[in-house]
Amino acid sequence: MSIRPVRHQTQSEPAIEGAGVRLRRAFGFGKTDEFDPFLLLDDFRNENPVDYFAGFPWHPHRGIETITYVLAGSVAHGDSLGNSGTLGAGDVQWMTAGSGILHQEMPQGDARGRMHGFQLWANLPRSLKMTAPRYQDVPSAEIPEVTEDDGTKVRIICGEFWGKKGPVDGIATDPRYLDVFVPPGVSRTLPVETDRHAFAYVFEGEGSFRDASDPRPVATERIGSDRDADVDLTGNRSLVLFGNGDEVAIRAGDEGIRFLLVSGRPLKEPVAWQGPIVMNTREELAQAYAELRDGSFIRG
Ligand code: MN
């Protein structure tokens, strides 16, 4: 077995999306190679309703999948396929935009005004960019949870892990999306196949993703900030990109640590990206935007 080293670690940065929602962006609109097949991760945890209440009114997507995972509050949604509903705490919505969808997502806080959750964008391969759009809504109760003897707890949202399979299926890049909690002081490893790109995003507690026996320094990166991420302890809103190997090592701090662990097989295709539409070429992008203007964007 070989431990994946930490390639770099960054903090998510403030961004404004939709009709003025203040959120944090862990990555996106940039380094697609390192995260391929993933394009973007937004952290929309917020305790202040004024910051999110304008929501994400009607907008298009083509060529990607968006995965929304809600931890507190709720998200009311509707789309051009005729789906509508509300995602609550622990629920997941996996949307395959394919050839095109129009949707809206309107967050609402819980009784304390909290809205917690994440949206991940996964790219579609050339062969499926124009596939029929599809929604998978998964209530919290259908997400399998595995608890190990040491108290490590994993929710399996997509992919197979420790003998269980997540409820989201039929996804082209075979992604694995896990919500992992490791209790205070516990060290352990989690398998991630060698042919995948993998990252972690911390949202509770802190810990170290370094193998205790690895003396190499961790490369940190400055993004819009004059302070380096802490190289020893990785805490709230930290994004960790892993290098090659077949497992990830984690040592939890005094309060334990909870993080998303996401991995997928890279597509290695050219990326042409403008706003909510991601294709392979500039011509395909121009075509998509021309169709939006002339009203032919939504098929069938
Ligand atoms: Mn959207």
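In this numbering scheme, every chain counts its residues from 1 along its sequence in written order. Local features are withheld for residues below a pLDDT of 70 in this predicted model, meaning they are given only at 70 or higher, and side-chain atom pairs are given and counted only at 80 or more; totals for whole chains, interfaces and linings count all residues. The side-chain numbers reported here are obtained from all heavy atoms of the structure, hydrogens and water having been left aside.

Asker: Can you help me understand the overall build of the protein in this one?
Answerer: Runs of H or I in DSSP of at least four residues are treated as helices and runs of E of at least two as strands, each being numbered from the N terminus. In terms of helices and strands, the protein carries three helices and 23 strands. Relative to its length of 300 residues, the protein is compact, with a C-alpha radius of gyration of 19 Å against a globular reference of 19 Å. Dimensions of the protein along its principal axes, counting C-alpha atoms only, are 60 × 45 × 45 Å. In the protein, which comprises 300 residues, the proportion classed as buried is 54%. Throughout, a contact is declared for two residues whenever any of their heavy atoms are within 4.5 Å. Nonlocal contacts in the protein, meaning residues at least 24 apart in sequence, comprise 76% of its contacts between residues at least 6 apart. Note on areas: Shrake-Rupley with a 1.4 Å probe; residue coverage comes only from the protein chains shown. Only carbon and sulfur atoms are counted for the fraction: they give 48% of the accessible area of the protein, which is about 13,000 Å². Across the protein, the centroid of the 32 positively charged side chains sits 2 Å from that of the 44 negatively charged ones. Radius of gyration: over C-alpha atoms. The globule rule applied is 2.2 Å multiplied by the number of residues raised to the 0.38 power. The classification of residues rests on relative accessible area computed with a 1.4 Å probe and restricted to protein chains. Under 20% of the type maximum is buried, over 50% is exposed, and intermediate values are partly exposed. By the counting rule applied here, Lys and Arg register as positive and Asp and Glu as negative, while His and the ends of each chain are not counted. Charge positions are represented by NZ for Lys, CZ for Arg, CG for Asp and CD for Glu.

Asker: Teacher, can you tell me more about unusual backbone geometry here?
Answerer: Backbone phi values are negative for most residues with the exception of glycine, while trans is the configuration of most peptide bonds. The omega torsion of the bond from D36 to P37 falls at 15°, within 30 degrees of zero and hence cis. Relative to the helices and strands, P37 resides in the loop between α1 (32–35) and β4 (38–43). The backbone phi angle of W162 is positive, close to 45°, even though this residue is not glycine. Tracing the backbone shows W162 in the loop between β15 (160–161) and β16 (164–165).

Asker: For this particular structure, what's the right way to read the coordination of the manganese ion?
Answerer: Geometrically, a metal with four donors at the corners of a regular tetrahedron has ideal angles of 109.5 degrees, and one with six donors at the corners of a regular octahedron has ideal angles of 90 or 180 degrees. Water is absent from the atoms considered, so a metal site may look incomplete; donors are defined as N, O and S atoms within 2.8 Å of the metal, or 3.2 Å for Na, K and Ca. Coordination sphere of the manganese ion, protein contribution only: H59 (NE2), H61 (NE2) and H103 (NE2), at 2.2 to 2.3 Å. We note that the donor set of the manganese ion lies within a single chain, spaced as H-x1-H-x41-H. Separated by 42 residues along the polypeptide, H61 in strand β5 (residues 56–61) and H103 in strand β10 (residues 101–108) bring together distant segments of the chain. With respect to burial, H61 and H103 carry one shared label: buried.

Asker: Got a minute to help me understand the pairing of strand β8 (residues 84–87) in this structure?
Answerer: A pair of strands is considered paired only if DSSP assigns at least 2 bridges between the two. Where strand β7 (residues 74–79) lies against β8, four bridges are found, and the strand directions are antiparallel. When the sheet's bridge partners are listed, G78 is paired in β8 with S84.

Asker: What's the story with the packing of aromatic side chains in this structure? I'm lost.
Answerer: Two measures describe an aromatic ring pair: the distance that separates the ring centres and the angle between the ring planes. Each Phe, Tyr or Trp ring, with Trp reduced to its six-membered ring, pairs with another whose centre is within 6.5 Å; inter-plane angles below 30 degrees give stacked pairs, above 60 give edge-to-face pairs, and intermediate values give tilted ones. The full count for this structure, using the stated rule, is 13 aromatic pairs. With 5.8 Å between their ring centres and 85° between their planes, F38 and F199 make a pair best called edge-to-face. Placement of F38 in strand β4 and of F199 in strand β19 (residues 197–208) is noted, with a sequence separation of 161 residues between them. Among the aromatic residues, those joined into a ring-pair cluster are F27, F35, F38 and F199.

Asker: It is not clear to me how the sheet that holds β7 should be interpreted in this structure. Could you clarify?
Answerer: In spatial order, the strands read β5-β10-β7-β8; together these four strands make up an open sheet with antiparallel pairing. Every interior strand has two partners, whereas the edge strands, β5 and β8, have only one. Each strand axis lies, on average, 25° off the axis of its neighbour in the sheet, ignoring direction. Note that β7 and β10 share six bridges and pair antiparallel. Every axis in this analysis is a line fitted to C-alpha atoms, fitted for helices over the stretch in contact. Angles between the N-to-C directions lie between 0 and 180 degrees.

Asker: Whenever I open this one, the pattern of salt bridges confuses me. Can you help?
Answerer: Each reported salt bridge corresponds to a side-chain nitrogen of Lys or Arg within 4 Å of a carboxyl oxygen of Asp or Glu. Tallied over the full model, the rule gives 19 salt bridges. Ionic pairing is found between R237 and D43, a salt bridge with its closest N-O pair at 2.9 Å. Taken as a pair, R237 in the loop between β19 and β20 (238–242) and D43 in strand β4 lie far apart in primary sequence, 194 residues in all. Pair check on accessibility: R237 and D43 agree, each one buried. Across the pair D174 and R265 runs a salt bridge whose closest N-O atoms are separated by 2.7 Å. Of the two residues, D174 sits in the loop between β16 and β17 (176–182) while R265 sits in the loop between β21 (247–264) and β22 (272–274), which places them 91 residues apart along the sequence. Taking relative accessible area as the criterion, D174 reaches 32% and is therefore assigned partly exposed.

Asker: Even after reading the chapter, I still don't get the sheet that holds strand β6 (residues 64–72), so can you show me in this structure?
Answerer: Hydrogen bonding along the main chain pairs the strands of a sheet, whether they run parallel or antiparallel. Reading across the sheet, the seven strands line up as β2-β3-β4-β11-β6-β9-β12 and stay open at both edges, with antiparallel pairing between neighbours. Pairing within the sheet leaves two strands with one partner each, and these edge strands are β2 (13–17) and β12 (134–138). Direction aside, neighbouring strands of the sheet carry axes that sit 25° apart on average. In this structure, β2 lies alongside strand β3 (residues 21–27), joined through five bridges in antiparallel fashion. Its bridge partner lying in β3, P14 is registered against R24.

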